[in-house]
Amino acid sequence: FPTVKSLALQPVHQPGQRRDGILSHEDFLRIPELVINPLGDRIINVFFPEGEDQVNFRGFMRTLAHFRPIEDNEKSKDVNGPEPLNSRSNKLQFAFRLYDFDKDDKLSRGELIQVLHLMVRVNISDEQLGSIADRTIQEADQDGDSAISLTEFVKVLEKVDVEQKMSIQFLH
């Protein structure tokens, strides 16, 4: 995932433009790490509420909170309290939403092919991408619906250090 330094260190608006704490899609496109990231558009889009083309500071920070590293003292927090946005399960839900293009709460073969196509960006045939998608579904699909649910997605990633892989160090 990209660093936030690019957005934090550069003025978001050009001189003469209004400075109202609102970010647009174009503001995010000024972050080089997002522009070159194969999932950059998907990452940018999760910052914006459905049907909106701007995000305020609160919404920006709420989405960014998913990427805050989990500190050791946070792992033993009150289990009855609300789960922090940067918890393992919230990070996995966030990642799942990046891949769930049609927002039907499952990853279909077509969506997996789309993600693979975005990430690979080399000359791999559609047939090969289809084969990879089919094998992925075959390994992850536990209920036989030929798709991957959030529960199945979480199960597949149970041994992956999601807390580390989906974290950004904001201040160095």
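To start, this report covers the structure provided alongside it.

Some details on the side chain of Asn90
Okay, step 1: Here Asn90 lies in helix H6 (residues 88-99).
Okay, step 2: Residue Asn90 is classed as buried on the basis of its relative accessible area, which comes to 14%.
Okay, step 3: Looking at Asn90, its side chain comes within polar contact range of the main-chain oxygen of Pro84, at 2.8 Å.
Okay, step 4: Those residues in contact with Asn90, other than ones at most four positions away along the chain, are His66, Glu83, Pro84 and Leu85.

What about the pattern of salt bridges?
Two side chains that carry opposite charge are able to pair once their charged atoms sit near each other.
Okay, step 1: What the rule picks out here adds up to five salt bridges.
Okay, step 2: Between Arg30 and Asp27 there is a salt bridge; the shortest N-O distance is 3.1 Å.
Okay, step 3: Residue class for Arg30 comes out partly exposed when judged on its relative accessible area of 33%.

Considerations on the packing of aromatic side chains
Okay, step 1: Enumeration over the complete set of coordinates arrives at seven aromatic pairs.
Okay, step 2: Seen from their ring centres, Phe28 and Phe48 are 5.5 Å apart, and the 70° between their planes marks the pair as edge-to-face. Taken as a pair, Phe28 in helix H2 (residues 25-28) and Phe48 in the loop between helix H4 (40-46) and strand E2 (54-56) lie far apart in primary sequence, 20 residues in all. For the pair Phe28 and Phe48, a shared accessibility class is recorded, and that class is buried.
Okay, step 3: Measuring from centroid to centroid gives 5.5 Å for Phe47 and Phe60, while their planes differ by 25°, and the two rings are stacked. Note that Phe47 is positioned in the loop between H4 and E2 and Phe60 in helix H5 (residues 57-64), a separation of 13 residues in sequence. Grouping residues by exposure puts Phe47 and Phe60 together as buried.
Okay, step 4: One aromatic cluster is present, formed by Phe28, Phe47, Phe48 and Phe60 through successive ring pairs.

Cut-offs applied
Residues numbered from 1 in each chain as written. Predicted model: local features only at pLDDT ≥ 70, side-chain atom pairs only at ≥ 80, totals over all residues. Heavy atoms only, no water. Helix = DSSP H or I, 4+ residues; strand = E, 2+ residues; numbered from the N terminus. Buried < 20%, exposed > 50% of the residue type's maximum accessible area, 1.4 Å probe, protein only. Polar contact = N/O pair within 3.5 Å; in protein donor to acceptor, adjacent residues only side chain to side chain. Contact = heavy atoms within 4.5 Å. Salt bridge = Lys/Arg side-chain N within 4 Å of Asp/Glu carboxyl O. Phe/Tyr/Trp six-rings, centres within 6.5 Å; stacked < 30°, edge-to-face > 60°.

The values are spatial; any link to function lies outside them.
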